[in-house]
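# Architecture at a glance
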Amino acid sequence: MSTETATCPPSVEDVKLCPASPPPVMGSPPSSAETATDARPRPITKIAIVAGAEEGEKIFEPPRARHYTIDGNEATMHFLRSYVKHERNSQVAKDTMEPDNTPSLAGVYLKQFLKRERNLQCEVLHRFVPSKPKELEDLVRDASILLISTSMMISWEFPEKIAATARAMNPSLTIIGGGTGVYKKYHTKLLLDSGSSGLTDFEASVLRHHNKLFVHPKVESAYDFLVISHSGENTLLKLLDALAAGTDVWKTLPNLCWYDKVMQNFHINEVVDEIGTDVYVDWSQENLPPGILYPVQVSQGCPFRCGFCDFATIAPKIKQAPLDVIFDMLERVPLEDGRRNVYFTNENLLYNKKFTMEFLTEMIKRDLKIKWRSFLRIDSIQEPEVADLVKQAGCVSALLGVESADPTILANMHKHCTTEKIVRCISLLAERGITATVFLLFGYPGETEETVRRTIEVMNNLPDVGIIVLRLFNLCVLPMSPLSSPEERTRFGLKGLGNMWEHATMNSDTAYKVTQNSYDNLRMTLFASNIDERMVSHKLTDEQLRDFYLTRNILYHRQANVPMIGGDTYPPTEQLFEHLLHLVSVS
């Protein structure tokens, strides 16, 4: 949707795979000389879906919030609970720690969509973990189709390796990829082909190297088909119909590309706008363990054009589900301990005043016992009355894309925001007991060490109330972002892409360092956390959760020998440690 030092996770190539079981007979499985793109009937038995990868994003993670550790394990709420449960045995705690139980919205949506439309049986692996290849093997062993959603995977290499691993486990699979990752790859190809990317020849060659999928004349791939669409479920449906019937209409099916194993490249069919359906999911149909944070999508797209972000290029228009559909989905979210825990996955939930008032008023009226978190825009929370409605509607955690508190940087980013609005929004939320998670982005053109200090100073001067969590990132130049346009590159003297860049006022190495160092320049009651611990700690009162964050923060500063702003006047370390574990035990 951060790491102290860049240590890459084990790749799938490094994982020792469990021996693949012989694939079951599924109609007419292809021989070694056949390909999945042969035109012959393919009975569809089970469809396997991989919708995320736990370690896929770590290759590209930003500087990680510096955390208190126990025997080298980051002391997150999940780890600490396991640590307490297993009598303070850190190794057992690590091995048996609760996983991230947030299910994949894309995976469950596809499963239920295909069941509704074609009565197809699907099984979802929400998160592929390279160290647990047997989960993937069990998923694909008796499947005829594997769908891989790339929307939550930043690096294309990772979903490609998942496909290759699955192919080795079950050679008869037909493997289909789709999602935002594929869509971005195609649009990057268009950018390169246009000749007007604003990139130097070297930069373009680097981008082509990382975009082999569509631009190289020959490329090895384990995929049979790729769906190129922001909303590609209808294209997927037509493809599955064609495969089952044994026709080759997929050779001309819009928004599809297919792998030619003879020529060793992808053939891209015509790409057109596709009108998708509302992402409707009935969570009451899913048999999920307790402690789930249920993702719900209210709308798709983002109408804003922040310079660093490529959402506006990919989905520039808002497509909102009707209110009755939204609340039908919410009513079907299971109750747990008298509440429904929901994560609204929208880029910006309250995107205009009209929808804000309608949505919040209806949430309060229906009283569905929903406790939720979502990304909110700073300018949507500027009046106490609106903040009151947000609180009454059940919001417990707001994710805020602040990015900077320096006026010049905000203007360069096209944020259309002011420092005063930032302070007002965070204050209104924190004063009402809503955890405000503030995202900051360092290194945008115009950034200097002075503008970074100014941003941190604004944060340190926020009212000392409630829970304010900071997550710090350094700039990544995305090829489809407004910042990467020829005009902006010329304006700022920007060179480079991704995490390797320089401009007139800073380079990527300096941005990484100032981002990392800024964590240690925060006051003690601004908390660094890599996960949203508010949603998994609802048995703690606001005061207890703030106490938990502060206690852990003190322990980190002492452990790392980092001076505390305001001085260290806190109780002894052993006493604080016992207090931390007590708070965990009642969470």
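Residues numbered from 1 in each chain as written. Predicted model: local features only at pLDDT ≥ 70, side-chain atom pairs only at ≥ 80, totals over all residues. Heavy atoms only, no water.

### Side note on the pairing of strand β15 (residues 395-403)
Successive residues of a regular strand alternate their side chains across the two faces of the sheet. Across the 9 residues of β15, 9 count as buried, placing the element largely inside the fold. Both strand β14 (residues 370-376) and β15 contribute to a ladder of 5 bridges, which runs parallel. When the sheet's bridge partners are listed, Trp372 is paired in β15 with Cys395. Between β14 and its parallel partner β15, the chain crosses via helix α13 (residues 384-392), and the hand of that crossover is right-handed. (Buried < 20%, exposed > 50% of the residue type's maximum accessible area, 1.4 Å probe, protein only. Helix = DSSP H or I, 4+ residues; strand = E, 2+ residues; numbered from the N terminus. Pairing = 2+ DSSP bridges. Right-handed = clockwise from strand over helix to strand, strands pointing away.)

### Description of the pattern of salt bridges
A side chain with one charge can pair with a side chain of the opposite charge if their charged atoms come near. With the rule as written, the count across this model stands at 32 salt bridges. Residues Asp224 and Arg167 are paired through a salt bridge, measuring 2.9 Å at the closest nitrogen-oxygen approach. Of this pair, Asp224 sits in the loop between α8 (212-215) and β7 (225-227) while Arg167 sits in helix α5 (residues 157-169); the two residues are 57 residues apart in sequence, bridging distant segments of the chain. For the pair formed by Asp224 and Arg167, the shared burial category is buried. Note that Asp379 and Arg377 form a salt bridge whose closest N and O atoms lie 3.3 Å from each other. Looking at Arg377, the relative accessible area reads 11%, which means it is buried. Because the salt bridges share partners, they merge into one network encompassing Asp406, Glu450, Arg453 and Arg454. (Salt bridge = Lys/Arg side-chain N within 4 Å of Asp/Glu carboxyl O.)

### What about the sheet that holds strand β8 (residues 256-260)?
Across the sheet, 7 strands lie side by side as β4-β1-β5-β6-β7-β8-β9; this open sheet has mixed pairing. If you trace the sheet from one side to the other, it starts and ends with β4 (121-125) and β9 (265-268), each paired once. With strand direction ignored, the average angle separating the axes of adjacent strands in the sheet is 25°. Relative to β4, strand β1 (residues 46-50) runs parallel, the two being bridged by 5 bridges. Looking at β4, one finds that Val50 is bridged to Leu125. The sheet contacts of helix α3 (residues 105-118) involve β1, β4 and β5 (143-149), and relative to β4 the element is tilted by about 175°. Strand contacts of helix α9 (residues 233-245): β1, β5, β6 (174-178), β7 and β8, with the helix running at about 170° to β6, the strand carrying the most contacts. (Axes fitted to C-alpha atoms, helices over the stretch in contact; angles between N-to-C directions. Contact = heavy atoms within 4.5 Å.)

### With respect to unusual backbone geometry
At Asp367, a residue that is not glycine, the phi angle is positive and equals roughly 50°. You can see Asp367 is positioned in the loop between α12 (353-366) and β14.

### Re the side chain of Ser197
Within the secondary structure, Ser197 sits in the loop between α6 (180-194) and α7 (201-209). Classification of Ser197 as buried rests on a relative accessible area of 8%. Within the local environment of Ser197, its side chain forms a polar contact with the backbone nitrogen of Leu199, the two atoms lying 3.2 Å apart. Excluding anything up to four places from it in sequence, Ser197 contacts Leu191, Ser484, Ser485 and Pro486. (Polar contact = N/O pair within 3.5 Å; in protein donor to acceptor, adjacent residues only side chain to side chain.)

### Brief notes about the packing of aromatic side chains
Scanning all chains against the criterion turns up 18 aromatic pairs. Residues Phe375 and Phe439 carry aromatic rings whose centres are separated by 5.4 Å and whose planes lie at 35° to one another, so their mutual orientation is tilted. With Phe375 in strand β14 and Phe439 in strand β16 (residues 435-442), this pair connects stretches of sequence that are 64 residues apart. Since its relative accessible area comes to 12%, Phe439 is described here as buried. A centroid spacing of 5.2 Å and a plane angle of 15° characterise the contact between Phe527 and Tyr549, whose relative ring orientation is stacked. Here Tyr549 lies in helix α19 (residues 542-559) and Phe527 lies in strand β20 (residues 527-528), a separation of 22 residues in the sequence. For Tyr549, a relative accessible area of 2% gives the class buried. One Lys or Arg, Arg373, reaches over the ring of Tyr343 and ends 4.1 Å from the middle of that ring. The ring of Phe304 is capped by Arg377, whose NZ or CZ atom sits 3.6 Å from the centre of that ring. (Phe/Tyr/Trp six-rings, centres within 6.5 Å; stacked < 30°, edge-to-face > 60°. Lys NZ or Arg CZ within 6 Å of the ring centre and 35° of its normal.)

### So, the environment of His210
Relative to the helices and strands, His210 resides in the loop between α7 and α8. Setting aside anything within four residues of it in sequence, one finds His210 in contact with Glu157 and Lys185.

### Observations regarding the sheet that holds β15
Spatially, 7 strands are ordered β10-β13-β14-β15-β16-β17-β20 in an open sheet, and the strand pairing comes out parallel. The sheet is open, and its two edges are formed by β10 (294-296) and β20, each paired on a single side. Sheet strands touched by helix α11 (residues 323-331): β10, β13 (340-344) and β14. Its angle to β13, the strand with the most contacts, is close to 135°.

### Re the environment of His503
On the secondary structure map, His503 appears in the loop between β19 (500-502) and α18 (508-518). The class of His503 is buried, set by a relative accessible area of 9%. Considered as a pair, His503 and Gly493 are 10 residues apart in the sequence and their alpha carbons are 5.1 Å apart. Residue contacts for His503: discarding those within four places in its chain leaves Gly443, Tyr444, Pro445, Gly446, Glu447, Phe492, Gly493 and Leu494.

### A look at α13
Within α13, burial applies to Val386, Ala387, Leu389 and Val390. Taken end-on, α13 shows its buried residues confined to a sector of 160°, consistent with a single buried face. α13 presents Glu385 and Gln392 as exposed residues on the side facing more than 90 degrees away from its buried surface. Buried-residue contacts for α13 involve α12, β14, β15 and α15 (419-431). Looking one or two places after α13, you find Gly394, whose phi comes out positive at around 105°. (Arc of directions from axis to C-beta.)

Note that all results are geometric; they support no functional claim without further evidence.
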